[in-house]
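One letter stands for each residue in the lines below.
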Amino acid sequence: MTSTPTTTPPAAQVPDAAWEEVCHLDHLPRERGAAALVDGVQVALFRTHDDAVHALQQYDPYSGAHVMSRGIVGSRGHVPTVASPMYKQVFDLRTGACLDPVGREPVHLAAYPVEVRDGVVLVSREPLPAPGAP
């Protein structure tokens, strides 16, 4: 099995047992999101124009709904982003950091390591440390 470099770092630090197969890369449309269950937790998957795949929590903390996979994929400079489909807060797809809270207190999303092996998307059951966490 070979790995392709379309991952959210730091995938190399995730033990093999912590990965869950989610879908084939070809099933994820570019520049759009899709919802998945990873270890019983709703996760929003995003495939960007460069075939990088990112995973964030599906729950939107501003609206209280599980809708992040319906968000608008874009970028701010070199940072891939998603805007909430409800109130348009903008999040970094790589870390879940809230980049624009639209006048409210910033709340970050959980981000999950992602790896693509032989065209299969794997997501870690454990999220990355929260932005700004020690």
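Up top you'll find the structure we're talking about.
All values derive from a computational prediction rather than experimental measurement.

Caption draft 1: Expanded view of the packing of aromatic side chains. In this structure the tally under the stated criterion is 1 aromatic pair. Arranged with centres 6.3 Å apart and planes meeting at 45 degrees, the rings of Tyr62 and Phe91 form a pair that is tilted. With Tyr62 in the loop between strand S6 (59-60) and strand S7 (65-66) and Phe91 in strand S10 (residues 90-92), this residue pair connects regions lying 29 residues apart in the sequence. Each of the two residues, Tyr62 as well as Phe91, counts as buried.

Caption draft 2: Region of the structure containing the sheet that holds strand S8 (residues 72-76). One open sheet holds the 4 strands; their spatial order is S8-S9-S10-S11, and the pairing between them is antiparallel. Edge positions in the sheet fall to S8 and strand S11 (98-100), since each has one partner strand and no second. In this sheet, adjacent strand axes meet at a mean angle of 40 degrees when their direction is disregarded. Taken together, the 5 bridges between S8 and strand S9 (residues 79-83) define a ladder with antiparallel strand orientation. Of the residues in S9, the one forming a bridge with Val73 is Val82.

Caption draft 3: Examining the pattern of salt bridges more closely. Counting across every chain of the model gives 6 salt bridges. With a shortest N-O distance of 3.5 Å, Asp100 and Arg76 are connected by a salt bridge. Here the residue Asp100 occupies a position in strand S11, and Arg76 occupies one in strand S8, the gap between them amounting to 24 residues. For Glu115, the salt bridge is made with Arg117, and the minimal N-O distance between the two is 2.6 Å. Summarising the burial analysis for this pair, Glu115 and Arg117 share the class buried. Via salt bridges that share partners, Arg30, Arg47 and Asp51 belong to a single interconnected network.

Caption draft 4: The sheet that holds strand S5 (residues 53-57), seen in detail. With antiparallel pairing, the 4 strands of this open sheet are ordered in space as S3-S4-S5-S12. Both edges of this open sheet fall to strand S3 (32-38) and strand S12 (111-112), since each of them pairs with a single strand only. Where strand S4 (residues 41-47) and S5 come together, 5 bridges link them in antiparallel fashion. Across the sheet, residue Arg47 finds its bridge partner in S5, namely Val53.

Criteria and thresholds
In this convention, every chain numbers its residues from 1, walking through the sequence in written order. Confidence filtering applies because this is a predicted model: local features only for residues at pLDDT of at least 70, side-chain atom pairs given and counted only at 80 or more, and all residues used for totals across whole chains, interfaces and linings. Side-chain descriptors were evaluated using all non-hydrogen atoms of the structure, hydrogens and water having been removed beforehand. Working definition: rings of Phe, Tyr and Trp (its six-membered ring) pair if their centres are within 6.5 Å, and the pair is stacked with planes under 30 degrees apart, edge-to-face with planes over 60 apart, and tilted otherwise. Strands here are runs of E lasting at least two residues and helices are runs of H or I lasting at least four, both read from the DSSP assignment and numbered beginning at the N terminus. The buried label goes to any residue with under 20% of its type's maximum accessible area, the exposed label to any with over 50%, and the partly exposed label to all in between, with areas taken from a 1.4 Å probe on protein chains only. The pairing criterion for strands is at least two bridges between them, as found by DSSP. Angles shown run from 0 to 180 degrees and are taken between the N-to-C directions of axes, each axis being a line fitted to C-alpha atoms and, for helices, limited to the stretch in contact. Take a side-chain nitrogen of Lys or Arg and a carboxyl oxygen of Asp or Glu: if they are within 4 Å of each other, that pair is a salt bridge.

Function cannot be read off these values alone, since they describe shape.
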